[in-house]
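Observations on the three-dimensional arrangement
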Amino acid sequence: MKIVITDEALTWFKEEMEVEHGDYIRFYAHYGGCSPFHESFSLGMNREKPHDIGVETVVDGIHFFIEKDDEWFFNDHDLHVSVDPKTEELLYEYKK
């Protein structure tokens, strides 16, 4: 399992969340909503320091990670983060 961040998504994080070198962005299972794999759970994202990293990708010095306790949510799929050109919001895709 891996996390893939497109250049457009990296720019989004820098502009919208003002992240910079050394910051951490966590992707996690959030109760509420739905996902392709789990009813009543959706993908959450926030800025926080890790406790027990399961998966990590570092792009331009910014750490994008998933805690070990949240790996179940991804059902052995890679997380691809891009930007929807129509809405200019983050787009999450799960790929094998």
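Residues numbered from 1 in each chain as written. Predicted model: local features only at pLDDT ≥ 70, side-chain atom pairs only at ≥ 80, totals over all residues. Heavy atoms only, no water.

1. Focus on the pattern of salt bridges
- The tally for this structure, following the rule as stated, stands at five salt bridges.
- Between Asp60 and Lys14 there is a salt bridge, with the nearest N and O atoms lying 2.3 Å from each other. Taken together, the residues Asp60 in the loop between strand S4 (53-59) and strand S5 (62-67) and Lys14 in helix H1 (residues 7-16) connect sequence positions 46 residues apart.
- Overall, Lys14 belongs to the partly exposed group, its relative accessible area being 33%.
- Asp52 is the partner of Lys68 in a salt bridge, and the nearest nitrogen-oxygen pair spans 3.9 Å. Remark: Asp52 occurs in the loop between strand S3 (39-47) and S4 and Lys68 occurs in the loop between S5 and strand S6 (78-83); sequence separation between them is 16 residues.
- Residues joined by salt bridges that share partners form a network here, namely Arg26, Glu48 and Asp70. (Salt bridge = Lys/Arg side-chain N within 4 Å of Asp/Glu carboxyl O. Helix = DSSP H or I, 4+ residues; strand = E, 2+ residues; numbered from the N terminus. Buried < 20%, exposed > 50% of the residue type's maximum accessible area, 1.4 Å probe, protein only.)

2. Some details on the confidence of the model for the protein chain
- Overall, the prediction assigns the protein chain a mean pLDDT of 89, with 88% of residues at 70 or greater.
- The secondary structure element of the protein chain with the lowest average pLDDT is strand S2 (residues 24-34), at 74, and the one with the highest is strand S1 (residues 3-5), at 98. (pLDDT = per-residue confidence, 0-100.)

3. Focus on the environment of Asn75
- Along the polypeptide, Asn75 turns up in the loop between S5 and S6.
- Measuring from C-alpha to C-alpha, the distance between Asn75 and Lys96 comes to 9.4 Å, with 21 residues separating the pair along the chain.

4. Describing the environment of Ser82
- As for its placement among the helices and strands, Ser82 is situated in strand S6.
- Relative accessible area serves as the criterion here: at 15%, Ser82 is assigned to the buried category.

5. Some points on the side chain of Asp78
- Positionally, Asp78 belongs in strand S6.
- Despite its burial, Asp78 pairs with no opposite charge, the nearest such side chain being Lys2 at 4.5 Å.
- At 2.9 Å, the side chain of Asp78 forms a polar contact with the backbone nitrogen of Lys2.
- If we skip the residues at most four places from it in the chain, Asp78 touches Met1, Lys2, Glu93, Tyr94 and Lys95. (Lys, Arg positive; Asp, Glu negative; His and termini not counted. Polar contact = N/O pair within 3.5 Å; in protein donor to acceptor, adjacent residues only side chain to side chain. Contact = heavy atoms within 4.5 Å.)

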